[in-house]
Every structure is written in C-alpha cells, then in structure tokens.
Amino acid sequence: MAETVAGEAAEALGWEHLVPPDLRGRTVVVTGASDGIGRESALHLARWGARLVLPVRDRAKGERVRARLLRESTAPAADPVRLVGLDLADLGSVRRAVGDIRGLLDGERADLVNVAGVVSPGRRETVDGFELMLGVNALAPMLLTESLLPVVRERVVLVTSHAHTSGRMDHEDPHFRRTRWTLPRAYSRAKLTAMLWGLDLGARMPAGTQVQLTHPGWVVTNLQNASGDARVDRLVTAASRPLAMTAAQGAAAVLFSLTQPLPPGSYVGPDGWQHLRGRPTLIRRSERALDRREAARTVAWMRREVGLDEDAPAPGGRGPA
C-alpha cells in the first residue's frame, strides 16, 4: 500500500522516470506548509513516509493541514505530523521555534525545507524593524536554519526565486529607509540576499550535509494576492491560472532538491522558457549570486542583524552596514 501511494505521488509530479523516494525513518522540518507550495511539498513527503515537523504561523490552518497529512501519511510512527508555532516576522518567535523543534526532535536529526515567504504591496517592517520581505524571506530563515544546523541530517533546501537576477544589494540602506521602496526592488533584493546566504552557507555546511537552492517557477499561490486590492488580486489570479503552474507542480522543484542526488549547492528550477514552467533541472543563477566576496560581506551583515554574532547590536539596527 505504501509503495502504491508513493508511486502515485511521484506520477502526479511528472516523475514517471524516477524511483519514488522512500523516506520512512526520516524527519523533515517544512516551513510554510499551511498553504501553497509548502503544503503540497509536505503532502508528498507524508505520502513517501517522512515524519514531519511543521512550523506554522496560523495554528488553525496548520491543524487543518495536519489532519489531511495524517490521512495521507505512510510514516511508521505514532505521531507522524507535529506542529510548532513560528512567525518569521518576529525573531523572538524564530528563537522559540528553534527550541521547540529541537525539543520535538529529542536528539534526532532532520532535514530542513524553508518554503515560507511573503510578498507585500507596500513597505512594512517586521517586529524587529526589518523591511518585511527582507526580514521574512532572508533574515529570519537564516536565523532559523543556522540555529538548527547542529541537528541537520543531510539537506537544507532554501526556496528562493529567479527574481534574484534583478536584485541589487545596498549595504548603506538595505531596508529602504532612505531610498525609494518598490515591490520589485524589495522582493528581488530579498531573494538575492537569500541566494548569497545560500552560497556562503554551502561552503560552511557540516561534513555529510549540503544545501540546495530552489526556484519553484511561476506558480499560482496566495503570494500573488499582494496588490492590497481584492478585486485586482482576483483578476491577477484568473489571468495567471491558465499560464502558471499549480502549487503541486511548483512543489516538484522543492522535492527534487530534497530527495534526488545532486551536486552540493545546486540551483534547481523549471526547465522551460525563462524558467517559469517545466520540470525541475539544474539552472544557472545570476553572476551577482555567484560573487563569494559579496556573499561573505552580506552574510556578515545578516549575522549582525539577527544577533548571531556575540558582539552584534540589537536586531534592526538603524545604522549603515
């Protein structure tokens, strides 16, 4: 029965040419599993036998997803899907989630998949004073991941975006406090920041572990509802639906990065035009995202922002980096 479910899950992803992974005995921590790509990723992982730890911001949505995953799970465990609270717009919540996750693991090791993210129609700040998209899409995932590195079993997957190719770093004003904020500029900067962190992290991963970076492609999810106008959001979703991929198709790149043999530090995305659609394959990142000197500088700043360095100022420091 488990083999049949796993095979059907792989076929749904368009993986007829791949052997369905057997994840029984493995635990995966998946952020963003309450909706969209994260939910679809968690669903397939449950079908493949993985135990799941799901950090969620909305507990009610998390419980609904958990109930479905329990029906689909083939994991040989008494409680194969567990929830912890996590709000990536609050570093205090991130630190509490780290403690909760490690408590649930109780000495066990796990893989980590960072899916959760945000798009904002206007400039907003996190609890700690970060520009919202930079904080939620890059800084908070860094704190979560780096704090959990000692318990990583094999892989860390970072869901990024090919939007990073138009991103520009500004170390004098990373949070757009003085320069003009626009959604494309802020989103692409956040994604480039995450790509640079991923590049640097790949060189620091503990022996026997690796990081993989993933671009899901153009996917219809709730992240598209970012205009601030419900009518506009409905029109955008309706126009996108015939062209974009479903959340299940977008999850394919995430699951490919987690389960398939890949060179460490790969960048995976759809194989179609402009990497918007298609099946997952290795793709090329921008030259800026391959700049190791810039990556080291950016990561040093990120560590100060989130308080990972002992001599770091309080998070959200207002001065230049």
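Numbering of residues starts from 1 in each chain and follows the order in which that chain's sequence is written. The predicted origin of the model limits local features to residues at a pLDDT of at least 70 and limits the giving and counting of side-chain atom pairs to 80 or more, whereas totals for whole chains, interfaces and linings rest on all residues. Side-chain calculation: all heavy atoms of the structure are included, whereas hydrogens and water are not.

A word on helix 6 (residues 183–202)
Keep this limit in mind: For helices the rule is a DSSP run of H or I covering at least 4 residues; for strands it is a run of E covering at least 2, with both sets numbered from the N terminus onward. Here the expected span of a helix is defined as 1.5 Å times the quantity of residues minus one. Think of it in three bands: residues with accessible area under 20% of the maximum for their type are buried, residues over 50% are exposed, and the middle band is partly exposed, with areas taken using a 1.4 Å probe on protein chains only. Pairing of N or O atoms within 3.5 Å defines a polar contact, subject to two protein rules: one partner must be a possible hydrogen donor and the other a possible acceptor, and residues neighboring in sequence count only if both atoms are side-chain atoms.
With 20 residues, helix 6 ought to run about 28 Å at 1.5 Å a step, and its terminal C-alpha atoms sit 28 Å apart, in line with that. The element helix 6 is largely enclosed, with a buried count of 16 among its 20 residues. Between a side-chain oxygen at the N-terminus of helix 6 and the backbone nitrogen of R185 the separation is 3.2 Å; the capping residue is T182.

Some points on the pairing of strand 5 (residues 152–159)
Operational definition: Criterion used throughout: strands pair if DSSP finds at least two bridges between them. Throughout, right-handed denotes a crossover for which the path from the first strand over the helix to the second runs clockwise when the strands point away from the viewer.
Among the 8 residues in strand 5, 6 count as buried, and that is most of the element. In this structure, strand 4 (residues 110–114) lies alongside strand 5, joined through 4 bridges in parallel fashion. Note on strand 5: the bridge partner recorded for V113 is V157. Read as a crossover between parallel neighbours, the route from strand 4 over helix 5 (residues 132–148) to strand 5 is right-handed. Sheet topology note: the strand 5/strand 6 (residues 210–214) ladder contains 5 bridges and is parallel.

Looking at the packing of helix 2 (residues 36–47) against helix 3 (residues 59–72)
As a reminder of what qualifies: Axis definition: a line fit to C-alpha positions, over the contact stretch in the case of helices; interaxial angles, taken between N-to-C directions, run 0 to 180 degrees. Orientation is classified from the angle alone, with under 35 degrees giving roughly parallel, over 145 giving roughly antiparallel, 65 to 115 giving roughly perpendicular, and any other angle giving oblique. When the near helix sits turned anticlockwise from the far one by under a right angle, the crossing is termed left-handed; a clockwise turn instead gives a right-handed crossing. Any two residues whose heavy atoms approach within 4.5 Å are treated as being in contact. When residues are sorted by character, Ala, Val, Leu, Ile, Met, Phe, Trp, Tyr, Cys and Pro go into the nonpolar class, Asp, Glu, Lys and Arg into the charged class, and all the rest, Gly among them, into the polar class.
Running from N to C, helix 2 and helix 3 point in directions that differ by 30°, and their axes come no closer than 8 Å. Taken together, the axes of helix 2 and helix 3 are roughly parallel relative to one another. Judged by the twist between their axes, the crossing of helix 2 over helix 3 is right-handed. Taking contact as the criterion, the partners of R39, A42, L43, A46 and R47 in helix 2 are, on helix 3, V65, R68, L69 and E72. Grouping the amino acids of the contact of helix 2 with helix 3 by side-chain chemistry returns 5 nonpolar, no polar and 4 charged.

What about the sheet that holds strand 8 (residues 280–282)?
Strand order across the open sheet formed by 8 strands is 3-2-1-4-5-6-7-8, with mixed pairing between neighbours. Across the chains shown, the open sheet's two edge strands, defined by having one partner strand only, are strand 3 (81–85) and strand 8. Neighbour to neighbour, the strand axes of the sheet diverge by 25° on average, direction disregarded. Packing of helix 4 (residues 91–105) onto the sheet brings it into contact with strand 1 (27–30), strand 2 (51–56), strand 3 and strand 4, and relative to strand 3 it is tilted by some 155°.

Observations regarding the pattern of salt bridges
The condition is simple: Salt bridge, as applied in this entry: a Lys or Arg side-chain nitrogen positioned within 4 Å of an Asp or Glu carboxyl oxygen.
One pass over the structure, following the stated rule, counts 16 salt bridges. Of the charged contacts, one joins D35 and K61 as a salt bridge, the two residues approaching to 3.3 Å between their closest N and O atoms. Separated by 26 residues along the polypeptide, D35 in the loop between strand 1 and helix 2 and K61 in helix 3 bring together distant segments of the chain. Under the relative-accessibility criterion, D35 is labelled partly exposed at 23%. Between E146 and R204 there is a salt bridge, with the nearest N and O atoms lying 2.7 Å from each other. Highlighted residues: E146 in helix 5 and R204 in the loop between helix 6 and strand 6, separated in sequence by 58 residues. What makes E146 buried here is its relative accessible area of 11%.

Don't take any of this as a statement about function, it's just geometry.
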